[in-house]
Amino acid sequence: MDSALRLATSPHLPPLLFSSSLPLRKTPPFPVNSNRFSFSSFSATIPTQYQRFRFFPSPPAALPDSADKQNLLGATADDAAADDNFENSRVIISACLVGLFTGIGVVLFNNGVHEIRDFFWDGIPYRGASWLREEPLDSVWTRVILVPACGGLIVSFLNAARDAVSKGSYNAKGALSSFLKTVAACVTLGTGNSLGPEGPSVEIGSSIAKEVHSILDKNPQTKLSLLAAGSAAGISSGFNAAVAGCFFAVESVLWPSSPADSSVSLTNTTSVVILSAVVASVISEVGLGSEPAFKVPEYDFRSPGELPLYLLLGILCGLVSLAFSKLTSYLLGVVDNLNKDVGIPKPVFPVAGGLTVGVIALAYPEILYWGFQNVDILLESRPFVKGLSGELLFQLVAVKIIATSLCRASGLVGGYYAPSLFIGAATGMAYGKFISFAIAQSSPVMHLSILEVASPHAYGLVGMAATLAGVCQVPLTAVLLLFELTQDYRIVLPLLGAVGLSSWVTSGRMKRKDVKGNKALKDGKTPTNQQPDASDNTTGLSSTDAPPEEAPYSNNLCEVESSLCIDDSSIRTRDLEKRIFVSEAMRTKYVTVMMNTLLTEVVNLMLAEKQSCAIIVDNNNLLMGLLTLRDIHEFSKFAKDKRLDSKVLLVSEICSADGAKCKLSWTAMPTMDILYAKTVMNKYGLSQVPVISEHVKDGRGQPVGLLDRECISLTCRALATRESLDFETANAIMK
């Protein structure tokens, strides 16, 4: 027989999602991990009062006439409109509450930082940390070293309390953990450690959004909208820049969200984000004042001819941002290894980090967090403040990168937005001073003196936006933030060029990956039931060997700045995928064809079974390849150009015409979990893979199923719903 349609269920048929008490399948012929998800894990005898009784329908009533139909349809439409209005009103109220409470939370947070700073630094001045340069070293060195170290000690206790809370099972653990983290951030920043307040502000907003959603609006489709509203409120109140806050929500929450969340109305989400950002900004202005986060210096733009200089600055800021992120990732890995391999307790690291920052601050006091007043010193925007030399500015760039990375890796709590702005300001100012000096000292032969360049302050402002965009991957937010603070259209063109190039330099090397999932895999929760050495027949990739792992913490934007990854739905999805076998998600009805099957017959079989591919087998039912509908469509164009008769074309002709077609890049096995399979599919860009019964050397085992992205997504959503139903039923029984 030329072709066959596999209709019989394979021995690896997955269990039914909603199984009865009768045994519906045999034990699979492969090892099953008892810790994984069980499709029949919930089984109980439901008491009589909770059982549903059989409903016997009465005889059908007479059909309504046309007038009754119109009345019925009108009433239904009115009810639906009323429900929609109520739902929209509830979302709007929730957004306003998120903005209100986020604004209040950020005001309290910033006031707490100021109070702690006044307490530890004895109320010393509000003119930046450079005052330490004016003091004799022997009179301030103990305070400069011990205050950040003391902050690290307090943070160690708070982190330990947070870990204990996270292991609890009570309902308020999320809110309590967020509160402890906020207090830890207050202590970190108040004692001068080299981090920033905007990241904690965003996490305050996201935590409030989650609580408001769980109390007032439990619709899962609006959760992402409220999370975006919370992040927008955090940035709006932190920088006093509502427009930048709205774009931050789009770049950090809405765009990176999974396709499953695309059902949320973009119009409703936008209105929710805007309302929350505006309310938070108003509250922030009332509580913290209407002044911008930092003072914009006087600057000018001389000529469009200096635009290439700003483009070079963008590349420079991109390289600086990349070094910043790489060093943070490296130090995170070092600290993790010291904790696991050497056995150094975690509470030691925040103290060591604070102590190191204090020692560095003896020579470079500007690295201490002192609000944005240190940025004002770099930009020379405050009166009676002596500017720093270009050489010292370049040194501050390197030292600030080291100090901030140490703080982040050691477990101190804070964000990367303020340090990124500091580093960008120092880079831009140093670059601007170097350009001005080079032009002033140029020889008459080069005639560079005729080129008019702006003051270093303009390069400092552009450098701030370019570095923020490079480190945090929020280019639109960076542009809008600087434009909103300067309110000058002349800065837009240099901003766009520099920010675009900086983002381009870092974009391919920075990815959002969930933190908890990665740590779980590193802790030994990787698939352990994979059978070794089943290489395929093309690329040499083993059907059971995972793709090359990336270095620990490498290029992980979520580890560098956790407030950029506040949507934790991917973590829950990853946990679910680790508990599901390929045998439970694969399709057991699939099209199998042979090399001498007509292409027209293959297409008819695909159409009959609504499949987009067919598995190619030989006479012994051994796997030979995979043929997709796209391959056939592309080959049909080739055949039409060559005037070939499409009715007599065979599968063998399309496979021999292009060696890349029909070949297998990888094959899965029933004993794998779908997280493992999905990781390999993502790595090599596969949409579907055949599932073979057992490992063989050339990957040509007997096919028992077909795994594609649609069945993976469907299985995860169905099982998540199953778990939710089981939880609700269990609660009803317990009550």
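Asks: Give a detailed account of unusual backbone geometry, specifying residues and quantitative values.
Replies: One non-glycine residue, Lys610, lies in positive phi territory at about 55 degrees. Positionally, Lys610 belongs in the loop between α20 (599–609) and β3 (613–617). Of the residues examined, Lys610 reaches a relative accessible area of 67% and is grouped as exposed. A positive phi angle, close to 60 degrees, is found at Asn621, a residue other than glycine. Following the sequence through the fold, Asn621 ends up in the loop between β3 and β4 (623–628).

Asks: Account for the pattern of salt bridges, with residues named and values stated.
Replies: Going through the model one piece at a time under the given rule, you end up with five salt bridges. A salt bridge links Asp336 to Lys340; its shortest N-O distance comes to 3.6 Å. With Asp336 and Lys340 both in helix α8 (residues 307–342) and four residues apart, this pair spans about one turn of that helix. By relative accessible area, Lys340 is classed as partly exposed at 41%. In this structure, the salt-bridge partner of Arg587 is Glu710, at a minimum N-O distance of 3.2 Å. Taken together, the positions of Arg587 in the loop between α19 (582–585) and β2 (590–593) and Glu710 in helix α24 (residues 709–734) put the pair 123 residues apart, joining distant regions of the chain. Here the salt bridges do not stand alone but share partners, grouping Arg587, Asp708 and Glu710 into one network.

Asks: Explain the environment of Met464 to me, using residue names and the numbers behind them.
Replies: For Met464, the position within the fold is in helix α13 (residues 456–472). In this structure, the C-alpha to C-alpha distance between Met464 and Val499, residues 35 residues apart in sequence, is 9.4 Å.

Rules of the game
- Residues numbered from 1 in each chain as written.
- Predicted model: local features only at pLDDT ≥ 70, side-chain atom pairs only at ≥ 80, totals over all residues.
- Heavy atoms only, no water.
- Helix = DSSP H or I, 4+ residues; strand = E, 2+ residues; numbered from the N terminus.
- Buried < 20%, exposed > 50% of the residue type's maximum accessible area, 1.4 Å probe, protein only.
- Salt bridge = Lys/Arg side-chain N within 4 Å of Asp/Glu carboxyl O.

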